[in-house]
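Chain and residue survey
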Amino acid sequence: MTDADVFAAFPTVPIDRDNIEHYRGLLARRLLINRCSECGRWVYPHRPLCPRCWSWDVVPTEVSGDGSVFMLTLIHQARDPRADPGTPVAAAVELSEQRGLRYLAPLVNCPLDDIGLDMPVRLTWIERDGLARPAFEPAERDREREQGWPATR
Ligand SMILES: [Zn+2]
């Protein structure tokens, strides 16, 4: 996947040298967040310098995808009325790797009545505009599936 491929896949995103690996990862269905090699701190939004130890040795690293809902927004109207409104819930998910490490993505596979703050979620992928995009779904759905419980309530 060349840099040109990444730029072409995300024409509306300001891609720079600090975040291009994140977007290259999305194309491979991997959620990469920059992490300091010196002290281990996750650095997001992406910056070239660790805010804790000032190291420039910041490396894109895959996260587990586990987290919890920190904040959410119900989207009642799409910005572009011609566009597919897609999923109506945007969540700031606090990733389990670090307190305060929050990633904004749609929340899917969850009835609106079941959504709550601090709800455990896990990374999943949805397709939008022909590309795989990160999203989150309730983590307990996996446990229900594994144990053969009905997913309906
Ligand atoms: Zn550091």
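Summary of the structure given here. Remember, predicted model here, so these are calculated numbers, not experimental data. (Residues numbered from 1 in each chain as written. Predicted model: local features only at pLDDT ≥ 70, side-chain atom pairs only at ≥ 80, totals over all residues. Heavy atoms only, no water.)

One open sheet accounts for five strands, arranged S6-S5-S4-S7-S8; its pairing is antiparallel. Of all the strands in the sheet, the pair left with one neighbour each is strand S6 (102-106) and strand S8 (131-138). Pairs of neighbouring strands in the sheet enclose a mean axial angle of 40 degrees, with direction left out of account. As paired strands, strand S4 (residues 66-74) and strand S5 (residues 89-95) are joined by seven bridges and run antiparallel to one another. Each bridged residue has a counterpart across the sheet, and for Ser-68 the counterpart in S5 is Glu-94. Strands in contact with helix H2 (residues 20-27) are S6, strand S7 (120-128) and S8; relative to S8, the strand with the most contacts, it is inclined by about 85 degrees. (Pairing = 2+ DSSP bridges. Helix = DSSP H or I, 4+ residues; strand = E, 2+ residues; numbered from the N terminus. Axes fitted to C-alpha atoms, helices over the stretch in contact; angles between N-to-C directions. Contact = heavy atoms within 4.5 Å.)

For the coordinates displayed, the defined rule picks out two aromatic pairs. Ring centres 5.5 Å apart and planes at 35 degrees place the aromatic pair Tyr-44 and Tyr-103 in the tilted group. Of this pair, Tyr-44 sits in the loop between strand S2 (42-43) and strand S3 (58-62) while Tyr-103 sits in strand S6, placing them 59 residues apart in sequence. Positioned over the ring face of Phe-70 is Arg-102, at 3.4 Å from the centre of the ring. (Phe/Tyr/Trp six-rings, centres within 6.5 Å; stacked < 30°, edge-to-face > 60°. Lys NZ or Arg CZ within 6 Å of the ring centre and 35° of its normal.)

Our focus in this paragraph is the environment of Val-63. By the secondary structure assignment, Val-63 is in the loop between S3 and S4. Assessed through its relative accessible area of 7%, Val-63 is described here as buried. Taking the C-alpha atoms as reference points, Val-63 and Asn-34, separated by 29 residues in sequence, lie 9.6 Å from one another. Residues within four places of Val-63 in sequence aside, it is in contact with Leu-31, Ile-33, Trp-42, Leu-95 and Glu-97. (Buried < 20%, exposed > 50% of the residue type's maximum accessible area, 1.4 Å probe, protein only.)

What the three strands build is an open sheet, ordered S2-S1-S3; its pairing is antiparallel. Either end of the sheet is taken by a strand with one partner, and the two such strands are S2 and S3. Across two bridges, strand S1 (residues 32-36) lies against S2 in antiparallel orientation. Following the sheet pairing, Arg-35 is matched in S2 by Trp-42.

All right, on to the pairing of S7 then. Pairing geometry for S4 and S7, over three bridges, is antiparallel. Residue pairing across strands places Gly-67 opposite Val-121, the latter belonging to S7. Where S7 folds back onto S8 in an antiparallel hairpin, the turn is made up of two residues, including Asp-129, whose phi is positive at roughly 55 degrees.

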